[in-house]
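# Summary of the model geometry
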Amino acid sequence: MAYELPPLPYDYAALEPYIDAETMKLHHDKHHQAYITNANGALEKHPELASKSADDLLRDLNAIPEDVRTVLRNNAGGHSNHSIFWTIMASPNAGGGGAPTGAIADQIKADFGDFEALKKTFNETTAKQFGSGWGWLVFQGGKLKVITTPNQDSPFTQGLYPILGNDVWEHAYYLKYQNKRPDYLAAWWNVVNWAEVNKRFATAKG
Ligand code: MN3
């Protein structure tokens, strides 16, 4: 089945003032849609892949026929990454931001000391991602870990389950923050949806 653009779970302006409405509209309606359109074009050439989810395709890139492997790595990757991204954010008026809650709060304390230390590690690591990519929080060997991936590469491809991720392609922040990626990274924590992050953390723990 062809991929479809999942609706944003809030209005374009819901993440203001941290992420502006125009960026959200372009990012969701144009950029995410383009990944889906391109992925669907590749899937049409190989109908046998259609029974797999994007996440499952990304878990085993070598199982993808070579003629569409790079296209799907980039575009099923873009679809998967953005589908996560929208849901792990929420309006500051609807519970987004603030301090972590629940099990993830305890795990952050155990592995980083406190939330400030996690943010520092995440922001510094992700700020240094050269060019386009993502910063991720994953759970590996019983510990939370910050990693980055270039382009639209997915943590699933490394056998890791993304708990939260921030998009540092310029399209995610340039209209409001221009070249100031660190300012965007610092502001972004004001829209993290900890309830959803806790759900993903439970899945990551298995
Ligand atoms: Mn993006």
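No experiment lies behind these values; they were computed from the predicted model shown.

Turning next to the domain arrangement of the chain. One frequent convention defines the size of an interface as the accessible area lost when the parts assemble. Under the domain assignment used here, the chain contains domain 1 (21-87) and domain 2 (92-205). Using C-alpha coordinates to define each centre, domain 1 is positioned 21 Å away from domain 2. Listed per partner, the contact involves 20 residues of domain 1 and 23 residues of domain 2. Here domain 1 meets domain 2 over a buried area of about 1,700 Å², counting both sides, of which 57% is carbon and sulfur. Applying the counting criterion to the domain 1 and domain 2 interface returns one salt bridge. Summed over the shared surface of domain 1 and domain 2, the number is nine residue pairs in polar contact (both at pLDDT 80 or more). Elements with a contribution of two residues or more to the side of domain 1 that touches domain 2: α1 (21-45), α2 (54-59) and α3 (66-87). Sort the elements by how many residues they give to the side of domain 1 that touches domain 2 and α3 lands first, with ten residues. Taken together, the residues of the side of domain 1 that touches domain 2 break down into six nonpolar, ten polar and four charged.

Donor atoms from the polypeptide that coordinate the manganese ion comprise H27 (NE2), H82 (NE2), D167 (OD) and H171 (NE2), at 1.9 to 2.1 Å from the metal. Between the donor residues of the manganese ion, the gaps in sequence give the motif H-x54-H-x84-D-x3-H. Within this pair, whereas H27 is found in helix α1, its partner H82 is found in helix α3, the two being separated by 55 residues in sequence. Assessed through its relative accessible area of 1%, H27 is described here as buried.

Residues L72, M89, L164 and W188 are the most contacted members of the largest nonpolar core, which totals 58 residues. With six residues, the top contributor of residues to this core is α3. There are two domains that each give this core at least three residues, and those are domain 1 (21-87) and domain 2 (92-205).

Moving on: the environment of Q178. One can find Q178 in the loop between α6 (174-177) and α7 (181-188). Under the relative-accessibility criterion, Q178 is labelled partly exposed at 31%. Separated by 19 residues in sequence, Q178 and G159 place their C-alpha atoms 33 Å apart.

Within this structure, the stated rule accounts for 14 aromatic pairs. An angle of 85 degrees between the planes, with centres 5.2 Å apart, marks the rings of F139 and F201 as edge-to-face. Taken together, the residues F139 in strand β1 (residues 133-140) and F201 in helix α8 (residues 194-205) connect sequence positions 62 residues apart. When sorted by exposure, F139 lands in the same class as F201, which is buried. For the ring pair Y173 and Y184, a centre distance of 5.1 Å and an interplane angle of 20 degrees mean the geometry is stacked. One end of the pair, Y173, is in the loop between β3 (164-167) and α6; the other, Y184, is in helix α7, with eleven residues separating them in the sequence. The exposure class assigned to Y173 is buried, which follows from its relative accessible area of 4%. Three or more aromatic residues link up through ring pairs in this structure, and these residues are F115, F122, W188, W189 and W194. Of note, K176 hangs over the ring of Y177, and the distance from its end group to the ring centre comes to 5.9 Å.

Cut-offs and rules
- Residues numbered from 1 in each chain as written.
- Predicted model: local features only at pLDDT ≥ 70, side-chain atom pairs only at ≥ 80, totals over all residues.
- Heavy atoms only, no water.
- Domains from an automatic or database assignment.
- Contact = heavy atoms within 4.5 Å.
- Buried area = accessible area lost by both parts, 1.4 Å probe.
- Salt bridge = Lys/Arg side-chain N within 4 Å of Asp/Glu carboxyl O.
- Polar contact = N/O pair within 3.5 Å; in protein donor to acceptor, adjacent residues only side chain to side chain.
- Helix = DSSP H or I, 4+ residues; strand = E, 2+ residues; numbered from the N terminus.
- Nonpolar A, V, L, I, M, F, W, Y, C, P; charged D, E, K, R; others polar.
- Donors = N, O, S within 2.8 Å, 3.2 Å for Na, K, Ca; no water.
- Buried < 20%, exposed > 50% of the residue type's maximum accessible area, 1.4 Å probe, protein only.
- Core = buried A, V, L, I, M, F, W, Y, C linked by side-chain atoms within 4.5 Å.
- Phe/Tyr/Trp six-rings, centres within 6.5 Å; stacked < 30°, edge-to-face > 60°.
- Lys NZ or Arg CZ within 6 Å of the ring centre and 35° of its normal.

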